[in-house]
Amino acid sequence: MYDYIIIGAGIIGLAIAKTLNEKYPDRKIVILEKEKDVGYHSSGRNSGVLHAGFYYTANSLKAKFTRDGCLEMAKFCEDNNLSINKCKKVVVANDESELDSLEELYRRGIANGVEVELIYEDKLRGFYPNVKTYKKALFSPNTATINPIEILQFLKKDLINKGIEFRFNEAYNTNLNNNEILTTKKNRLSAKKIINSAGLYADKIAKDFGYSKNYTIIPFKGIYLKYTKNDKPITTNIYPVPNLKNPFLGVHYTVTVDNTIKIGPTAIPAFWRENYKGFENFKLTEFLEIIKYELKLFATNAFGFRNLAFEEIRKYYKPYFVNLATKMVNKIDVNGFNEWSKPGIRAQLLDTNTLELLQDFVVEGDENTIHVLNAVSPAFTSSFPFARWVVENYIEK
């Protein structure tokens with residue numbers, strides 16, 4: 001018997017394993033992963049941005065975990081000689097109507113204890129001459145970019161060296177006894193506690209244990225477009241003022257760890273959980289379940305879903321997609337955007353009763369099983385403090 005079985009080798013599963021090993025180095029831990037390595041889905045397809053934590057309301061878990069996680073992950077990269085680009089970030093306004101929301105982001109940042117500055121257009125021009133805003137911009141000096149795959153691989157090797165077992169190509173199959181015993185397609189395993197951090201499939205696994213009764217995952221596909229010319233007209237992350245009513249931040253510029261410029265992402269409603277390309281990984285049961293809820297959202301226009309869907313479909317037209325980004329700079333060669341990134345899927349939890357997207361972390365469980373249902377963006381940034389919170393508030397209680 002294991003002390004802990006962790007389902008899912010994304011950043012949350014690895015961070016929980018790291019936290020448990022630091023607190024209880026003699027306990028036996030196994031991580032189950034249906035793919036052949038860590039980070040095959042959301043974690044490994046992450047944007048690479050370490051967010052500072054000013055988007056979120058002060059009483060949210062995201063506000064605290066993002067603020068603390070940004071600084072902790074940056075230090076973790078520096079201490080372990082992992083890639084990090086401290087390229088900072090600005091949020092820019094398009095017109096007068098966006099200034100109130102920009103100032104709301106500033107107020108949230110101050111309330112969250114995040115280092116942010118509201119600067120005027122002339123000061124922004126002094127920092128970044130090519131960035132364009134209307135009157136004001138929000139400056140975030142602690143935003144940075146990292147290499148998610150590099151961090152995941154480092155954590156995997158470190159955890160293996162500390163005696164944690166990985167079982168790759170071994171997917172969760174069924175729950176037995178509704179508590180500490182489960183099966184994979186290869187084995188029957190038992191543990192004192194089972195921790196479900198399965199990302200896109202966390203809700204389905206939770207239902208086997210009697211949880212996630214009022215929730216389901218609605219997948220959204222995100223794709224970036226890379227700038228491949230040799231010049232570097234962008235040296236910092238540039239974001240538009242977001243619609244604060246939904247969890248998506250709009251098309252923006254990201255400067256990666258190797259100084260590649262990319263714009264995106266999209267937030268296109270997907271039709272099954274691993275709907276990356278064409279009909280790959282198509283599952284009819286998933287399609288029918290997800291399309292049922294997406295049609296409900298479309299019919300009711302809950303949280304502006306209908307408008308969001310139409311807007312995201314337009315982004316498949318590359319000139320329109322690129323134009324959204326060019327509004328935020330004075331000059332860039334639009335012909336330089338010609339390489340699409342590997343798509344990622346955001347595992348977004350939906351309340352099936354209210355038809356609302358959950359914008360904060362959601363965890364359910366009991367003395368035997370713990371289910372991370374909504375490790376929503378920016379989960380990578382938040383992973384270390386979030387993992388400690390899960391251990392302290394669910395695993396140890």
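1. Details of a nonpolar patch on the surface
A cluster of nonpolar side chains, namely Phe279, Phe282, Leu284 and Leu288, defines an oily patch on the protein surface of about 450 Å² accessible area. Tracing the backbone shows Leu288 in helix 7 (residues 284-300).

2. A word on the packing of helix 1 (residues 11-23) against helix 5 (residues 148-161)
It is the contact of helix 1 with helix 5, at a shortest axis distance of 10 Å, that shows an interaxial angle of 35°. Two packed elements cross with a definite hand, and for helix 1 against helix 5 that hand is left-handed. From helix 1, Ile11, Leu14, Ala17 and Lys18 reach across to helix 5, where they touch Leu152, Leu155, Lys156 and Leu159. Here the contact of helix 1 with helix 5 is built from residues that sort into six nonpolar, no polar and two charged.

3. Quick look at helix 9 (residues 318-326)
The α-helix advances 3.6 residues per turn, and as a result positions three or four apart in sequence lie on the same side. When helix 9 is considered as a whole, its buried residues turn out to be Tyr320, Phe321, Val322, Leu324, Ala325 and Thr326. Looking at the buried positions of helix 9, the neighbouring elements they touch are strand 14 (225-227), strand 16 (252-255), strand 17 (261-264), helix 8 (305-314) and strand 19 (337-340).

4. Structural notes on the sheet that holds strand 3 (residues 49-50)
One open sheet holds the three strands; their spatial order is 3-8-4, and the pairing between them is antiparallel. The outermost strands of the open sheet, each flanked by one partner alone, are strand 3 and strand 4 (84-85).

5. Re the environment of Glu103
Relative to the elements of secondary structure, Glu103 occurs in helix 3 (residues 99-111). Residue classification places Glu103 among the partly exposed positions, given a relative accessible area of 23%. Along the primary structure Glu103 and Phe298 are separated by 195 residues, whereas in three dimensions their C-alpha atoms are 31 Å apart. Residues within four places of Glu103 in sequence aside, it is in contact with Leu118 and Lys136.

6. Here we look at the sheet that holds strand 20 (residues 344-351)
Read from one edge of the open sheet, four strands run 18-13-20-21, paired in antiparallel fashion. Because the sheet does not close on itself, it has two edges, and the strands there are strand 18 (268-269) and strand 21 (356-357). Pairing between strand 20 and strand 21: two bridges, direction antiparallel. In the sheet register, Leu350 faces strand 21, and the bridge partner there is Leu357. Packing of helix 7 onto the sheet brings it into contact with strand 13 (215-222), strand 18 and strand 20, and relative to strand 13 it is tilted by some 85°.

7. Considerations on the pairing of strand 2 (residues 29-32)
Where burial is concerned, the two faces of strand 2 agree: the one with Ile29 and Ile31 and the one with Val30 and Leu32 are both buried. The parallel pair strand 1 (residues 2-7) and strand 2 is bridged by helix 1, and the resulting crossover is right-handed.

8. Description of the nonpolar core
Counting 42 residues, the largest nonpolar core has Leu14, Ile16, Leu20, Ile31, Ile151 and Ile395 as its most contacted members. Of all elements in the fold, only strand 1, helix 1, strand 2, helix 2 (61-79), strand 8 (144-146), helix 5, strand 23 (369-374) and helix 10 (379-395) reach the threshold of two or more residues within this core. Tallying contributions element by element places helix 10 first for this core, with eight residues. What Ile16 contacts, discounting residues up to four positions off in sequence, is Ile6, Ile195, Val372, Ala387, Val390, Val391 and Ile395. If you look at the next biggest cluster of nonpolar residues, it comprises 27 residues, including Val90, Leu124, Val251 and Val322.

What counts and what doesn't
- Residues numbered from 1 in each chain as written.
- Predicted model: local features only at pLDDT ≥ 70, side-chain atom pairs only at ≥ 80, totals over all residues.
- Heavy atoms only, no water.
- Patch = residues over 30% accessible without salt bridge, like charges linked within 9 Å, V, L, I, M, F, W, Y side chains within 5 Å.
- Areas by Shrake-Rupley, 256 points an atom, 1.4 Å probe, with all protein chains shown as cover.
- Salt bridge = Lys/Arg side-chain N within 4 Å of Asp/Glu carboxyl O.
- Helix = DSSP H or I, 4+ residues; strand = E, 2+ residues; numbered from the N terminus.
- Axes fitted to C-alpha atoms, helices over the stretch in contact; angles between N-to-C directions.
- Left-handed = near helix turned anticlockwise from the far one by under 90°.
- Contact = heavy atoms within 4.5 Å.
- Nonpolar A, V, L, I, M, F, W, Y, C, P; charged D, E, K, R; others polar.
- Buried < 20%, exposed > 50% of the residue type's maximum accessible area, 1.4 Å probe, protein only.
- Pairing = 2+ DSSP bridges.
- Right-handed = clockwise from strand over helix to strand, strands pointing away.
- Core = buried A, V, L, I, M, F, W, Y, C linked by side-chain atoms within 4.5 Å.

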